[in-house]
Amino acid sequence: MKHGLIPAGCLLMAVGGLSPAAAADLTISCGAVGAELQLCQDGVARWEAETGHSVEVVSTPNSATERLSLYQQILNSRSGDIDVFQIDVVWPGMLAPHLVDLRQHLPDGATDGFFDAIVDNNTIDGQLVAMPWFTDAGVLYYRKDLLDKYGLELPTTWAGLTEVAQTVQAGEREAGHSDFWGYVFQGRAYEGLTVNALEWIASYPEGGTIVDDDGEITVNNPQAVEALSLAAGWIEAISPRGVLNYTEEEARGVFQSGNALFMRNWPYAWDLVQSEQSSIRDRVEVAPLPTGGEDGQSAGVLGGWNLAVSRYSEDPEMAADLVAFLTSADEQKRRAIEGAYNPTMPALYQDDEVLAAVPFFGTLYETFTSAVPRPSAVTGDNYPRVSNAFFNTVHEVLSGNAAADQGLESLQSELERIKRRRW
Ligand code: GLC
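On a predicted model such as this, the values are computed, not experimentally measured, just so you know.

### Describing unusual backbone geometry
Right, on to step 1. Here the phi dihedral of aspartate 125 falls at roughly 50°; this positive angle occurs in a residue that is not glycine.
Right, on to step 2. According to the relative accessible area criterion, aspartate 125 is exposed, its value standing at 77%.
Right, on to step 3. In this structure, isoleucine 210 takes a positive phi of about 75° despite not being glycine.
Right, on to step 4. Mapping isoleucine 210 onto the fold places it in the loop between helix H8 (191-202) and helix H9 (222-232).

Structure follows, in structure tokens:
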């Protein structure tokens with residue numbers, strides 16, 4: 001199991017009072033994907049300097065699935081050792097009982113200027129349980145220099161991507177680049193695979209979103225079979241078998257070392273592939289994800305993270321103040337420029353300095369504002385079960401252990417069983 005800087009077990013010990021965390025005024029949990037932890041620490045340090053308070057920053061596992069189970073252990077035990085949680089856009093409904101209503105602690109108008117859709121997503125039974133910190137949508141990274149070298153256009157469909165990947169991979173290998181691959185993505189059995197596979201399926205006409213807005217299970221359909229069959233064909237053809245164990249960072253590692261033509265990832269990877277240490281700096285461009293056929297639509301899935309205050313915090317007022325500071329326009333602008341984290345405020349997408357640092361925040365604005373949500377609102381507390389069932393099925397299909405049609409058939413029965421329990 002690959003984690004962030006502190007393995008889950010150690011974090012539990014840390015929050016159990018065995019670390020210096022106990023001495024700080026507040027503790028915040030932050031992600032550690034790419035430069036994420038550093039950016040969090042820098043923001044926290046600014047708040048400390050301004051207020052004189054002290055904050056312990058604890059890092060969490062990179063896999064959103066592992067991060068959720070860690071949070072659930074902490075919150076279910078009603079531990080107040082973490083005051084501020086960085087929570088995924090698909091978790092507010094599920095975690096709401098453990099989180100304070102931030103409207104009780106923040107000034108009126110605290111959510112003015114934020115994307116309404118994210119504020120709505122974070123409002124459960126009238127309570128604002130998290131402030132939007134950064135948003136996310138899946139995008140396609142590609143090596144412009146290599147497309148030019150082979151005289152190829154950027155493909156707009158998944159079938160086109162498959163073909164172009166084959167051509168360039170074959171050419172590069174012939175030229176002696178033996179570990180070169182056409183396409184890398186997130187194929188481990190975790191939340192990231194739910195995202196990737198939903199992007200494939202939702203990009204086909206009538207492919208759907210696993211469960212629709214009315215709670216109907218839609219995933220067992222011919223377009224989904226087509227999408228998963230195509231993806232299963234990528235393994236060992238244009239994607240290394242190891243992709244079945246990749247999260248975001250493993251995919252980035254391969255792409256950034258110059259060993260892949262295409263990569264599916266989130267915007268954060270931009271800052272790193274463009275960094276001075278990157279061997280592919282200035283040879284990369286970013287585009288919307290391909291469509292499922294000519295009649296399909298690009299379907300980058302909505303991601304993103306929010307800051308929430310635990311109900312078990314001893315000082316929710318101070319914790320809410322830290323949240324307000326970290327989600328302020330100023331901090332969001334800094335994070336956009338230094339780390340390519342998507343702001344949750346429309347105005348920052350028109351800021352010249354932000355656009356100079358991350359040009360595709362302007363050119364792909366629509367990809368971010370019309371990103372496809374996962375079915376977390378409609379499935380509520382059952383979302384992790386639905387997502388686990390889905391990514392496990394997809395993983396079996398990609399691994400060659402099940403055909404796409406059989407896999408989706410049994411997934412449907414499993415989802416029906418979950419649905420009968422509630423949602
Ligand atoms: C990114 C997204 C998050 C998603 C996760 C899956 O962190 O922002 O919403 O759940 O990736 O790996």
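So, next bit.
### A look at the sheet that holds strand S8 (residues 181-184)
Right, on to step 1. Spatial ordering of the open sheet is given by S8-S9-S7-S10, a layout of 4 strands whose pairing is mixed. Sheet topology places S8 and strand S10 (284-287) at the edges, where each strand pairs with a single neighbour. Adjacent strand axes in the sheet meet at a mean angle of 15° when their direction is disregarded.
Right, on to step 2. The pairing of S8 with strand S9 (residues 260-265) spans 3 bridges and is classified as parallel. Pairing of tyrosine 183 across the sheet is with phenylalanine 262, part of S9.

### So, the state of the cysteines
Right, on to step 1. According to the stated counting rule, one finds 1 disulfide in the structure shown.
Right, on to step 2. Note on cysteine connectivity: cysteine 30 is disulfide-linked to cysteine 40, with sulfurs 2.0 Å apart. Here cysteine 30, found in strand S1 (residues 26-30), pairs with cysteine 40, found in helix H2 (residues 36-51); they are 10 residues apart in sequence, far enough to count as distant.
Right, on to step 3. Residue class for cysteine 40 comes out buried when judged on its relative accessible area of 1%.

### Quick look at the packing of aromatic side chains
Right, on to step 1. Under the definition given, this model contains 21 aromatic pairs.
Right, on to step 2. Centre to centre, the rings of tryptophan 91 and tryptophan 305 are 5.2 Å apart; their planes meet at 90°, and the pair counts as edge-to-face. With tryptophan 91 in the loop between strand S3 (84-88) and helix H4 (92-95) and tryptophan 305 in strand S11 (residues 302-309), this residue pair connects regions lying 214 residues apart in the sequence. One exposure class covers both tryptophan 91 and tryptophan 305, and it is buried.
Right, on to step 3. Among the aromatic side chains, those forming a connected cluster through ring pairs are Phe115, Trp270, Tyr349, Phe360, Phe361, Tyr365 and Phe368.
Right, on to step 4. We note arginine 264 situated over the ring of tryptophan 266; from NZ or CZ to the ring centre the distance is 4.2 Å.
Right, on to step 5. Looking at arginine 335, its charged tip hangs above the ring of tryptophan 133, at a distance of 4.0 Å from the centre.

### Concerning empty space enclosed by the protein
Right, on to step 1. In this structure the tally under the stated criterion is 1 cavity of 30 Å³ or more.
Right, on to step 2. What the largest cavity holds in volume is close to 260 Å³.
Right, on to step 3. Val33, Asp136, Glu248, Trp266 and Trp305 are, among the 20 residues lining the largest cavity, the residues nearest its centre.
Right, on to step 4. Of all elements in the fold, only helix H3 (64-76), strand S6 (131-137), H8 and S11 reach the threshold of two or more residues within the lining of the largest cavity.

### Examining the domain arrangement of the protein chain
Right, on to step 1. According to the domain assignment, the protein chain consists of domain 1 (13-129 + 303-368) and domain 2 (139-301 + 373-419).
Right, on to step 2. In this complex, domain 1 contributes 29 residues to the contact, which on the side of domain 2 involves 23 residues.
Right, on to step 3. Across the domain 1 to domain 2 interface the summed buried area is about 1900 Å²; carbon plus sulfur atoms make up 67%.
Right, on to step 4. Summed over the shared surface of domain 1 and domain 2, the number is 1 salt bridge.
Right, on to step 5. Among the ionic pairs, arginine 374 bridges to aspartate 88, the shortest N-O distance being 3.9 Å.
Right, on to step 6. At the level of secondary structure, the elements contributing two or more residues to the side of domain 1 that touches domain 2 comprise H3, H4, helix H13 (329-339), helix H15 (360-363) and helix H16 (365-369).
Right, on to step 7. The biggest single contributor to the side of domain 1 that touches domain 2 is H3, with 4 residues.

### Comments concerning the layout of surface pockets
Right, on to step 1. Computed from the structure, the largest pocket encloses a volume of approximately 480 Å³.
Right, on to step 2. Lining the largest pocket are 23 residues, and of these Ala117, Asn121, Leu302, Ala371 and Pro373 sit closest to its centre.
Right, on to step 3. Mapped by element, the contributors of at least two residues to the lining of the largest pocket are helix H5 (116-121), H16 and helix H17 (376-379).
Right, on to step 4. Taken together, the residues of the lining of the largest pocket break down into 14 nonpolar, 6 polar and 3 charged.
Right, on to step 5. In this structure, the lining of the largest pocket is formed jointly by two domains, domain 1 (13-129 + 303-368) and domain 2 (139-301 + 373-419), each of which donates at least three residues.

Cut-offs used in this document
- Along each chain, numbering runs from 1 in the same order as the chain's sequence is written.
- Under the rules for a predicted model, residues below a pLDDT of 70 receive no local features and side-chain atom pairs below 80 are neither given nor counted, while totals for whole chains, interfaces and linings still include all residues.
- Heavy atoms throughout the structure, all of them, feed into the side-chain values; hydrogens and water do not.
- To sort residues, take the accessible area from a 1.4 Å probe on protein chains only and compare it with the maximum for the residue type: under 20% means buried, over 50% means exposed, and anything in between is partly exposed.
- Helix and strand definitions follow DSSP, with helices as H or I runs of at least four residues and strands as E runs of at least two, each counted in order from the N terminus.
- Two strands are counted as paired when DSSP detects at least two bridges linking them.
- The convention used is that axes are lines fitted to C-alpha atoms, helices contributing only their stretch in contact, and that angles between N-to-C directions extend from 0 to 180 degrees.
- In this description, a disulfide is simply a cysteine sulfur pair whose atoms lie within 2.5 Å.
- Here is the rule: rings of Phe, Tyr and Trp (six-membered ring for Trp) pair when centre to centre is within 6.5 Å. Planes less than 30 degrees apart are stacked, more than 60 are edge-to-face, and the remainder are tilted.
- Remark: a charge is flagged as sitting over a ring if the NZ atom of Lys or the CZ atom of Arg is within 6 Å of the ring centre and within 35 degrees of the ring normal.
- Detection works on a 1 Å grid of protein atoms alone, calling trapped sets that fit a 1.4 Å probe cavities and calling open sets with protein on both sides within 12 Å along at least five of seven lines pockets, with lining residues defined by an atom within 4 Å of a point.
- Grid points are joined across faces, edges and corners, and a volume is the space filled by probe spheres set on the points.
- These domain limits were set by an automatic method or by a database of domain assignments.
- Contacts: residue pairs with any heavy atoms within 4.5 Å of one another.
- Buried surface area refers to the total accessible area, computed with a probe of radius 1.4 Å, that the two partners give up upon joining, counted for both partners together.
- A pairing counts as a salt bridge when a side-chain nitrogen of Lys or Arg comes within 4 Å of a carboxyl oxygen of Asp or Glu.
- Just so you know the grouping, Ala, Val, Leu, Ile, Met, Phe, Trp, Tyr, Cys and Pro go in nonpolar, Asp, Glu, Lys and Arg go in charged, and all remaining residues, Gly too, go in polar.

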